[in-house]
Amino acid sequence: MIIVRGGGDIATGTIYRLHQCGYAVLILETSHPTAIRRKVSFCEAVYDGTAVVEGVKCRLAESIEQCRDVWSHKEIPLMIDPRAEMIQKLHPDAVIDAILAKKNLGTNRSMSELTIALGPGFCAGYDVDYVIETMRGHQLGRMIEKGCAFPNTGVPGLIGGHGADRVIHAPASGSISVQAQIGDLVQEGQTLAVIGDVKVTASISGVLRGIIRDGFAVTEGLKIADIDPRKEQKENCDTISDKARCIAGSVLEILVRRNVKRELIV
């Protein structure tokens with residue numbers, strides 16, 4: 001049994017793959033996750049009770065008994081547990097920090113026999129056993145046994161020749177009223193949402209790959225939307241990204257390596 005902290009789109013890639021390979025996975029989330037690519041984020045179960053990604057269902061659970069019931073139905077349970085208190089109660093075989101907060105929010109090697117963290121903010125061999133590189137480029141998915149991932153640059157990776165300009169941040173604080181849907185083809189300057197009396201407009205033309213939930217209380221500067229300039233990629237809004245799948249493969253490799261070593265020792 002594996003516990004994954006975080007259920008956003010990158011975390012979901014790992015959770016999905018582990019589930020498909022037969023691992024019993026439990027997701028721990030906050031009470032108000034801020035997913036942008038909501039159609040491929042299991043954390044949406046916090047709000048809707050369930051979330052389905054590529055045919056796999058995640059279901060909100062409130063107790064260990066409910067988790068067991070969800071597992072028995074070949075589904076993935078999610079619990080609201082930002083402090084990760086369930087780790088001490090369930091003693092998982094591995095803990096994966098997939099929050100991607102760019103800093104360590106409390107995950108440490110004492111939590112499990114095997115600990116893995118995605119992205120910057122962790123030191124492999126000190127905070128956790130392994131760190132997975134999450135920066136786009138040649139090193140994406142690299143398994144680090146000693147040292148850290150690249151530091152957060154604050155600049156999104158290039159997609160279709162666009163980087164920082166494809167990501168939209170809240171121009172003001174307040175409750176957001178969304179006026180465009182994930183998968184819509186949008187034009188530069190088009191109104192995507194309104195925060196109070198402040199319009200949120202598309203920075204470039206393309207496919208609206210992700211946007212935060214309608215009615216969410218956003219703070220100024222929060223990432224709230226993502227546009228893919230490749231209009232022909234509209235169907236990708238409903239599927240796990242290449243980046244998430246690459247990272248998932250590395251996590252799976254670590255788990256398989258560990259199991260093989262155990263069998264050889266026995």
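Look up: the structure comes first, before these words.
First things first, this report covers the structure right here in the doc. All residue numbers refer to positions counted from 1 along the written sequence of the respective chain. Local features in this predicted model are restricted to residues whose pLDDT is 70 or higher, and side-chain atom pairs enter the listing and the counts only when it is 80 or higher, whereas totals over whole chains, interfaces and linings include all residues. Computation of side-chain values: all heavy atoms of the structure, hydrogens and water removed.

Bringing the overall build of the protein into the picture now. Working definition: helices are DSSP H or I runs of at least four residues, strands are E runs of at least two. Numbering for both runs from the N terminus. Secondary structure assignment for the protein yields five helices and 19 strands. Considering only C-alpha atoms, the protein reaches an extent of 60 × 40 × 30 Å along its principal axes. For every residue, the accessible area (1.4 Å probe, protein chains only) is compared with the maximum for its type, and the residue is labelled buried under 20%, exposed over 50%, or partly exposed between those bounds. Within the span of the protein, comprising 266 residues, buried residues form 48% of the whole. At a minimum sequence separation of 6, the contacts of the protein that also span at least 24 residues come to 54%. When checking whether two residues touch, look at their non-hydrogen atoms; a contact exists if any pair is within 4.5 Å.

Since the α-helix packs 3.6 residues into each turn, any two residues three or four apart lie on the same face. For helix α3 (residues 64-72), every residue scored as buried is listed here: Ile64, Cys67 and Val70. One side of α3 carries all its buried residues, which in axial view fall inside an arc of 115 degrees. Opposite the buried face of α3, at more than 90 degrees from it, the exposed residues are Glu65 and Arg68. Each element contacted by the buried residues of α3 is listed here: β2 (25-29), β4 (56-60), β5 (76-80) and α4 (86-90). The reported arc concerns the directions from the helix axis to the C-beta atoms and nothing else.

Let's shift gears to the nonpolar core. Core analysis: the biggest nonpolar cluster contains 36 residues, and Ile2, Ile15, Leu18, Phe42, Ile116, Val251 and Leu255 have the highest contact counts within it. The element that contributes the greatest number of residues to this core is helix α5 (residues 242-265), accounting for six residues. Once you skip the residues sitting within four places of it in the chain, Ile2 turns out to touch Leu18, Tyr23, Ala24, Val25, Leu26, Pro92, Ala94, Ile96 and Leu255. As used here, the term nonpolar core means buried Ala, Val, Leu, Ile, Met, Phe, Trp, Tyr and Cys residues forming a set that is joined through side-chain atoms within 4.5 Å. Counting residues in each nonpolar core, the second largest holds 25 residues, with Ile195, Phe216, Ile227 and Cys237 among its members.

With that out of the way, let us pick up the sheet that holds strand β18 (residues 217-218). Within the open sheet, the four strands sit side by side as β16-β15-β13-β18. Their pairing is antiparallel. Strands at the two margins of the open sheet, each flanked by one partner only, are β16 (198-201) and β18. Looking at chain direction, strand β13 (residues 174-178) and β18 are connected through two bridges and run antiparallel. Looking at the pairing, Ser175 lines up with Ala217 of β18. Following DSSP output, two strands are said to pair if at least two bridges run between them.

Once that is clear, we can look at the layout of surface pockets. Using protein atoms alone on a 1 Å grid, points that fit a 1.4 Å probe yet trap it form a cavity, whereas open point sets bounded by protein on both sides within 12 Å along at least five of seven lines form a pocket; residues with an atom within 4 Å of a point count as lining. Grid points are joined across faces, edges and corners, and a volume is the space filled by probe spheres set on the points. A volume near 1500 Å³ is recorded for the largest pocket. What lines the largest pocket is a set of 48 residues, among which Asp9, Ile99, Leu100, Lys102 and Lys223 lie closest to the centre. Sorting the residues of the lining of the largest pocket by element identifies α1 (9-20), β2, β12 (167-169) and β19 (223-228) as the ones contributing at least two each. When residues of the lining of the largest pocket are assigned to their parent elements, the largest contribution, three residues, is made by α1.

Moving on, we get to the side chain of Asp81. Relative to the helices and strands, Asp81 resides in the loop between β5 and α4. We score Asp and Glu as negative and Lys and Arg as positive, and we do not count His or the chain ends. We define a salt bridge as a side-chain nitrogen of Lys or Arg found within 4 Å of a carboxyl oxygen belonging to Asp or Glu. The side chain of Asp81 is buried and forms no salt bridge, while Arg5, the nearest opposite charge, is found at 7.3 Å. Among all residues touching Asp81, those that are not within four sequence positions of it are Leu28, Glu29 and Met86.

In this model α1 runs 16 Å from its N-terminal to its C-terminal C-alpha over twelve residues, within 8% of the 16 Å that 1.5 Å per residue would give. Downstream of α1 by one or two residues, Gly22 has phi in the positive range, about 100 degrees. To estimate the expected span of a helix, count its residues, drop one, and scale the result by 1.5 Å.

Okay, the environment of Glu44 next. Relative to the elements of secondary structure, Glu44 occurs in the loop between β2 and α2 (45-48). The exposure class of Glu44 is buried, given its relative accessible area of 5%. Residues Glu44 and Gly8 lie 36 residues apart in sequence; the distance between their C-alpha atoms is 8.4 Å. With residues near it in sequence (within four places) discarded, Glu44 still touches Ala35, Arg38, Thr50, Ala51 and Arg213.

Overall, the coordinates contain eleven salt bridges when judged by the stated rule. Across the pair Glu44 and Arg213 runs a salt bridge whose closest N-O atoms are separated by 2.6 Å. Of this pair, Glu44 sits in the loop between β2 and α2 while Arg213 is found in the loop between β17 (206-211) and β18, placing the two residues 169 residues apart along the sequence. The salt bridge partner of Arg59 is Glu75, with a shortest N-O separation of 3.0 Å. Separated by 16 residues along the polypeptide, Arg59 in strand β4 and Glu75 in the loop between α3 and β5 bring together distant segments of the chain. Arg59 sits in the partly exposed class, given a relative accessible area of 30%.

Everything listed is a geometric property; what it means functionally is a separate question.
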